[in-house]
Amino acid sequence: MAAVAKPGRMKDPQDSLVVLSGCGTSGRLAFFMASGFNRELQRLNYAPICSYVIAGGDRALFSSQEAPEDDPTLGALRLKKVSEGKKRVLFIGVSCGLSAPFVAGQLDFCLRHPDVYTPVLVGFNPAHQARNEPLPGCTLTFRSVVTRMEELAKTQKAFLINPALGPEAISGSSRMKGGSATKILLEVVFSASFSRTPVTFKYAQWGYGRAVQKILFVCFSLQCGRQVCYLGWGSLGLLGLIDASECKPTFGSKHSELLFPQGPEFSISHDDFLDRVLPRLTDDDAVLLLYSDSDDVDEVAKLAHRVREKTSNIHGAYHQTDGVVSSSRQRELSTKLLLNAVSTGAHILKGKVFKNYMIDLQVTNSKLYRRAARLLQELSSHSESQCEEALLKAIYQVDKLSEDIMTCSLKTHTHTAGKAKKVVPLALVCLLTGCSIKEAETRLEQQPIVREAVEACLKSS
Ligand code: S6P
């Protein structure tokens, strides 16, 4: 890392660049950290040198865009564009599961242009567990790219940072532990590169008792079919937007559930909140304020007052310096942990998780499609082919798969799945009961709490 990022070299930002990149949460964190590092550099009187790439472009920063994750060529093109004209580029690709084709395409591009690019891969799986499925449109796999990187790592021409973290509390939900570890890890690395003093990190702990209380309030709103709104300031507000955007692919949640104003452009300012959200708030809606004592606390109080006129379900996650030095990193991390706990906990209570599986996930890219098929096998004990068939029937809403459907590409399946609802629960109910798609739909309408519908089917199967 120091090879490009140490202050001496950063005086020459014309020629050098650090690019952080990833998909979904990893891409959002790439953006979050590239912006934070640039601010820090400017504070130290260096020119900003960091840039970011996120699969799906800036729209993906605050909304779920899972399909571009499958495109290795697009990944390479985006990297090429952002680093045009640079002579030395340190590329940091983040893929928690060592799985995203978009990132594999970028790493492959770096490996093919070693005169300019030094690739770094950050993830949390052992190298031999990197995804071994051919990348769309080519014969490479993520694992084959990792193997090439491992070879070059011996001469420090590539770097692999992949400490083992263990499984996520909700299987596959790398936005949680994986995302937090990405943030800690890159902050440690960058701080070590930027400052001459040794880096020590103490992260603040959150009062989890209070967090649980908030989860219950938030859940109450979601169960009533009402809205939850994160109202934040500065980087803590940004973390709120990130947490909200992840709930769609993870839990199949509607955007309106996590009150997240969207239009042709994102409407995410406090003024947008006052114009478009506040007038519709009722006592069933929950509002969570995210701020610290370095924000304009009077402004927070004024907004809180206006919210309270509409709902008593208002809570604050407030960070105070309070004698103990609480850095912005500590505030950010504990806010991320709190938000992850609130949104995951609320969706668990809402019945979107069975055992530790997300049973209402979206099936909008190849990773999620495979995950859904494995989940169906695990929960129904049917064969792989029966489960994939059931999944396709649920995606296309048919009881019999036509020749046309069977010959469609995986890309078409995941694209179609993006327009359907409750794909995985529908497939599971069909597998467990042998019923038709229509009957499964009726069952899920009668029991909208998906976990309970699944439990009922399992009992009677
Ligand atoms: C995970 C989140 C996803 C992932 C994305 C990238 O909770 O919903 O959006 O961040 O799929 O995963 P990875 O393994 O490449 O970092």
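Residues numbered from 1 in each chain as written. Predicted model: local features only at pLDDT ≥ 70, side-chain atom pairs only at ≥ 80, totals over all residues. Heavy atoms only, no water.

Under an unreviewed UniProt entry, the name given to the protein is SIS domain-containing protein, and the source organism is Xiphophorus couchianus.

Moving on: the overall build of the protein. Looking only at helices and strands, the protein features 20 helices and 10 strands. Considering the protein as a whole, with its 461 residues, one finds that 52% of them fall into the buried category. Of all intrachain contacts in the protein linking residues separated by at least 6 positions in sequence, the fraction that spans at least 24 positions is 74%. Per element, the accessible surface of the protein, about 20,700 Å² overall, is 52% carbon and sulfur. (Helix = DSSP H or I, 4+ residues; strand = E, 2+ residues; numbered from the N terminus. Buried < 20%, exposed > 50% of the residue type's maximum accessible area, 1.4 Å probe, protein only. Contact = heavy atoms within 4.5 Å. Areas by Shrake-Rupley, 256 points an atom, 1.4 Å probe, with all protein chains shown as cover.)

Where helix H10 (residues 234-251) contacts helix H13 (residues 328-349), the axes come no closer than 10 Å and their chain directions differ by 30°. Classified by the interaxial angle, the pair formed by H10 and H13 is roughly parallel. At the point where H10 passes H13, the crossing takes the right-handed sense. Here Ser 235, Leu 236, Leu 239, Gly 240, Asp 243, Glu 246, Cys 247 and Phe 251 of H10 come into contact with H13, specifically with Arg 331, Glu 332, Thr 335, Lys 336, Leu 339, Asn 340, Ser 343, Thr 344 and His 347. (Axes fitted to C-alpha atoms, helices over the stretch in contact; angles between N-to-C directions. Parallel < 35°, antiparallel > 145°, perpendicular 65-115°, else oblique. Left-handed = near helix turned anticlockwise from the far one by under 90°.)

Let's shift gears to the domain arrangement of the protein. By domain assignment, the protein separates into domain 1 (16-193), domain 2 (208-350) and domain 3 (354-460). Each partner contributes residues to the interface: domain 1 has 21 residues there, and domain 2 has 28 residues. Summed over both partners, the interface of domain 1 with domain 2 buries about 2,100 Å², with 64% contributed by carbon and sulfur atoms. It is Phe 32, Phe 62 and Arg 175 that lose the most area in domain 1 upon contact with domain 2, and together they represent 38% of the buried surface on that side. (Domains from an automatic or database assignment. Buried area = accessible area lost by both parts, 1.4 Å probe.)

Within the fold, Ile 184 resides in helix H8 (residues 177-194). The exposure class of Ile 184 is partly exposed, given its relative accessible area of 29%. Through-space distance from the C-alpha of Ile 184 to that of Leu 333 is 8.1 Å; in sequence the pair is 149 residues apart.

For the rest of this paragraph, the subject is the sheet that holds strand S8 (residues 314-319). What the three strands build is an open sheet, ordered S6-S7-S8; its pairing is parallel. Looking at strand neighbours, the two that pair on one side only are strand S6 (228-232) and S8, the edges of this open sheet. With strand direction ignored, the average angle separating the axes of adjacent strands in the sheet is 15°. Where S6 and strand S7 (residues 286-292) come together, five bridges link them in parallel fashion. Residue pairing across strands places Leu 231 opposite Leu 289, the latter belonging to S7. Relative to S7, helix H12 (residues 297-308) is tilted by about 175°, and along the sheet it contacts S6, S7 and S8. (Pairing = 2+ DSSP bridges.)

Here the focus is the site of the ligand. Near the ligand you find 16 residues, and of these Ser 26, Glu 69, Ser 95, Cys 96 and Lys 367 are the closest. Here Gly 97 contributes a backbone N or O atom positioned 2.9 Å from an oxygen atom of the ligand. For the ligand, the protein covers 96% of the area, taking 410 Å² as the surface of the free molecule. In terms of residue count, the dominant contributor to the shell around the ligand is helix H3 (residues 24-43) (three residues). Here the residues of the shell around the ligand sort into three nonpolar, nine polar and four charged. (Near = heavy atom within 4 Å. Polar contact = N/O pair within 3.5 Å; in protein donor to acceptor, adjacent residues only side chain to side chain. Nonpolar A, V, L, I, M, F, W, Y, C, P; charged D, E, K, R; others polar.)

A negative phi angle characterises most non-glycine residues, just as the trans form characterises most peptide bonds. Residue Asn 45 is not a glycine yet carries a positive backbone phi of 70°. The residue Asn 45 is located in the loop between H3 and strand S2 (50-54) in this model. Residue Asn 45 is classed as exposed on the basis of its relative accessible area, which comes to 71%. Backbone geometry at Gln 156 places phi at a positive 55°, although glycine is not the residue there. Tracing the backbone shows Gln 156 in the loop between helix H7 (142-153) and strand S5 (159-161).

All right, on to the pairing of S7 then. Burial analysis of S7 places seven of its seven residues in the buried class, which makes it a mostly covered element. Burial along S7 is two-sided: Ala 286, Leu 288, Leu 290 and Ser 292 facing one way and Val 287, Leu 289 and Tyr 291 facing the other are all buried. As judged from the six bridges shared by S7 and S8, these two strands associate in the parallel manner. Directly across from Val 287, in S8, lies its bridge partner Ile 314. Taken together, S7, H12 and S8 constitute a β-α-β crossover, and its handedness is right-handed. (Right-handed = clockwise from strand over helix to strand, strands pointing away.)

Applying the stated rule across the entire model yields 15 salt bridges. For Arg 370, the salt bridge identified is with Glu 133, shortest N-O distance 3.1 Å. Note that Arg 370 is positioned in helix H14 (residues 366-380) and Glu 133 in the loop between strand S4 (117-122) and H7, a separation of 237 residues in sequence. Classification of Glu 133 as partly exposed rests on a relative accessible area of 23%. Close ionic contact of Lys 438 with Glu 441 constitutes a salt bridge, the shortest N to O distance being 3.0 Å. Pair noted here: Lys 438 and Glu 441 are both in helix H19 (residues 437-446), with a separation of three residues, about one helical turn. Judged by its relative accessible area of 58%, Lys 438 is exposed. (Salt bridge = Lys/Arg side-chain N within 4 Å of Asp/Glu carboxyl O.)

What follows deals with the side chain of Asn 365. Note on placement: Asn 365 falls in the loop between strand S10 (357-358) and H14. Residue class for Asn 365 comes out buried when judged on its relative accessible area of 0%. A polar contact is formed between the side chain of Asn 365 and the backbone oxygen of Glu 66, at a distance of 3.1 Å. When residues no more than four places from it in sequence are discounted, the contact partners of Asn 365 are Glu 66, Ala 67, Glu 69, Asp 70 and Thr 414.

Turning our attention to the sheet that holds S5. A sheet is described by the order of its strands in space; here five strands give the open sequence S2-S1-S3-S4-S5, paired in parallel fashion. Single-partner strands in this sheet number two, and they are S2 and S5. Each neighbouring strand pair of the sheet contributes to a mean axis angle of 20°, computed without reference to strand direction. The pairing of strand S1 (residues 16-22) with S2 spans five bridges and is classified as parallel. When the bridges of S2 are listed, Val 18 appears paired with Cys 50. Packing against the sheet, helix H5 (residues 72-82) makes contact with S1, S2, strand S3 (88-94) and S4, and its axis sits at approximately 155° to S2.

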